[in-house]
Amino acid sequence: MVEILDAKTREKLCFLDKVEPQATIAEIKNLFTKTHPQWYPARQSLRLDPKGKSLKDEDVLQKLPVGTTATLYFRDLGAQISWVTVFLTEYAGPLFIYLLFYFRVPFIYGHKYDFTSSRHSVVHLACICHSFHYVKRLLETLFVHRFSHGTMPLRNIFKNCTYYWGFAAWMAYYINHPLYTPPTYGAQQVKLALAIFVICQLGNFSIHMALRDLRPAGSKTRKIPYPTKNPFTWLFLLVSCPNYTYEVGSWIGFAIM
């Protein structure tokens, strides 16, 4: 038997009398949803103590330190949204926003510059690199990443999109501005920076693939990553999250370019 209390008020929300000892927290969440449909499983946090940590979905009831009648405390996590939806929204925005500045749509730079094109080749190269980066991210979200958590709080999408979309607009405004001037050291600076960008993008993708291979499809397995035969993964010997190292390197190259 399981009784579920509100973690804040200690009010009894539900009493489940037909729960097997082998039941998992995920199964208990599903039973709780039947009595309180407004709190779907992804929105629930069940814990042994009102201020304790959330129990994992895979935790088994009989292995928890509870008596014949288990008392669990419920906390509402708020409206949830899938990680895939969040990532697709975050990344599609910068891709679209940057192109608005690149094509100089009306009301951005002034009427006489509407739909004009920059005479500097590096501006067009920057657009290609920026677009490639976000198309890569979109494709990785759909075909590479495996998420340990299915959802995240809905409020996070506004915070994340403000950063991604705002940063893309800030960059695009200056790079595509009619008064933009090319790099001080000309073609040499552009070629060196482009090489840094491309190498780091390949490295970032290599790390994402290595991390993907550590988690079988449909599981929440967590393993410690190690270098593989791919030279880009050797950075695991120096840092814990080389995908971010390569990400930073990509943007440094982009900025130099």
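The structure presented is a predicted model; accordingly, all values stated were derived computationally and were not measured.

Reading guide: rules and limits
Residues numbered from 1 in each chain as written. Predicted model: local features only at pLDDT ≥ 70, side-chain atom pairs only at ≥ 80, totals over all residues. Heavy atoms only, no water. UniProt positions renumbered as here; feature names shortened; annotations may be inferred. Helix = DSSP H or I, 4+ residues; strand = E, 2+ residues; numbered from the N terminus. Buried < 20%, exposed > 50% of the residue type's maximum accessible area, 1.4 Å probe, protein only. Polar contact = N/O pair within 3.5 Å; in protein donor to acceptor, adjacent residues only side chain to side chain. Contact = heavy atoms within 4.5 Å. Expected span 1.5 Å × (residues − 1). Pairing = 2+ DSSP bridges. Axes fitted to C-alpha atoms, helices over the stretch in contact; angles between N-to-C directions. Parallel < 35°, antiparallel > 145°, perpendicular 65-115°, else oblique. Nonpolar A, V, L, I, M, F, W, Y, C, P; charged D, E, K, R; others polar. Left-handed = near helix turned anticlockwise from the far one by under 90°.

1. A short note on the UniProt feature "domain: TECR-like N-terminal" (unreviewed entry) in the chain
Line of reasoning, step 1. Per the UniProt annotation, the sites labelled "domain: TECR-like N-terminal" (unreviewed entry) are residues 2-76.
Line of reasoning, step 2. From the first C-alpha to the last, residues 2-76 spans 18 Å; its make-up is 15% helix and 28% strand.

2. A closer look at the side chain of Gln-44
Line of reasoning, step 1. Note on placement: Gln-44 falls in strand β3 (residues 44-47).
Line of reasoning, step 2. Owing to a relative accessible area of 2%, Gln-44 belongs among the buried residues under this scheme.
Line of reasoning, step 3. Here Thr-33 takes part through its side chain, which lies 2.9 Å from a polar atom of the side chain of Gln-44.
Line of reasoning, step 4. Apart from the residues lying within four places of it in its own chain, the contact partners of Gln-44 are Lys-29, Phe-32, Thr-33, Trp-39, Phe-74, Arg-75 and Leu-77.

3. Describing helix α6 (residues 242-256)
Line of reasoning, step 1. Compared with an ideal rise of 1.5 Å per residue, which puts 15 residues at 21 Å, α6 spans 21 Å between its outermost C-alpha atoms and is within 8% of the ideal.
Line of reasoning, step 2. Among all positions in α6, only Pro-242, Asn-243, Tyr-246, Glu-247, Gly-249, Ser-250, Trp-251, Gly-253 and Phe-254 are buried.
Line of reasoning, step 3. Buried positions along α6 lie against α2 (83-102), α3 (121-143), α4 (155-175) and α5 (186-212).

4. What about the environment of Trp-234?
Line of reasoning, step 1. By the secondary structure assignment, Trp-234 is in the loop between α5 and α6.
Line of reasoning, step 2. Under the relative-accessibility criterion, Trp-234 is labelled partly exposed at 48%.
Line of reasoning, step 3. Here Trp-234 is in contact with Pro-227, Thr-228 and Lys-229, once residues within four sequence places are set aside.

5. Describing the sheet that holds strand β4 (residues 70-76)
Line of reasoning, step 1. The sheet built from four strands is open, its strands ordered β2-β1-β4-β3 with mixed pairing. Two strands close off the open sheet at either side, each with one partner strand: β2 (12-16) and β3. In this sheet, neighbouring strand axes are inclined to one another by 25 degrees on average, regardless of whether the strands run parallel or antiparallel.
Line of reasoning, step 2. The pairing of β3 with β4 spans four bridges and is classified as antiparallel. Along β4, the bridge assignment pairs Ser-45 with Arg-75.

6. Description of α2
Line of reasoning, step 1. Between its terminal C-alpha atoms α2 stretches 29 Å, which fits the 28 Å expected from 20 residues at 1.5 Å a residue.
Line of reasoning, step 2. Of all the positions in α2, only Val-86, Phe-87, Glu-90, Tyr-91, Gly-93, Pro-94, Leu-95, Ile-97, Tyr-98, Phe-101 and Tyr-102 are classed as buried.
Line of reasoning, step 3. Those residues of α2 that are buried lie in contact with β5 (80-82), α3, β6 (151-153), α4 and α6.
Line of reasoning, step 4. Downstream of α2 by a residue or two, Arg-104 has a phi angle that is positive, lying close to 50 degrees.

7. Some points on the UniProt feature "transmembrane region" (unreviewed entry) in the chain
Line of reasoning, step 1. Residues annotated in UniProt with the feature "transmembrane region" (unreviewed entry) correspond here to residues 81-103, 162-180, 192-211 and 232-256.
Line of reasoning, step 2. As annotated, residues 162-180 has a helix share of 74% and a strand share of 0%, and its two end C-alpha atoms lie 25 Å apart.
Line of reasoning, step 3. Split by type, residues 232-256 is 60% helix and 0% strand. Its first and last C-alpha atoms lie 22 Å apart.

8. Observations regarding the packing of α3 against α5
Line of reasoning, step 1. At their nearest, the axes of α3 and α5 sit 12 Å apart, and the two run at 0 degrees to each other. Accordingly, the angle class assigned to the pair α3 and α5 is roughly parallel. Of α5, the residues touching α3 (which contributes Val-122, Leu-125, Cys-129, Phe-132, His-133, Lys-136, Glu-140 and Phe-143) are Val-190, Leu-194, Phe-197, Gln-201, Asn-204, Phe-205, His-208 and Arg-212.
Line of reasoning, step 2. Among the residues forming the contact of α3 with α5, the class breakdown is nine nonpolar, four polar and three charged.

9. Structural notes on the packing of α3 against α4
Line of reasoning, step 1. The N-to-C vectors of α3 and α4 enclose an angle of 165 degrees; their axes lie 11 Å apart at closest approach. What the angle tells us is that α3 and α4 run roughly antiparallel. For the element pair α3 and α4, the recorded crossing hand is left-handed. Contacts between α3 and α4 pair Val-123, Ala-126, His-130, Tyr-134 and Arg-137 from the former with Tyr-164, Ala-168, Met-171 and Ile-175 from the latter.

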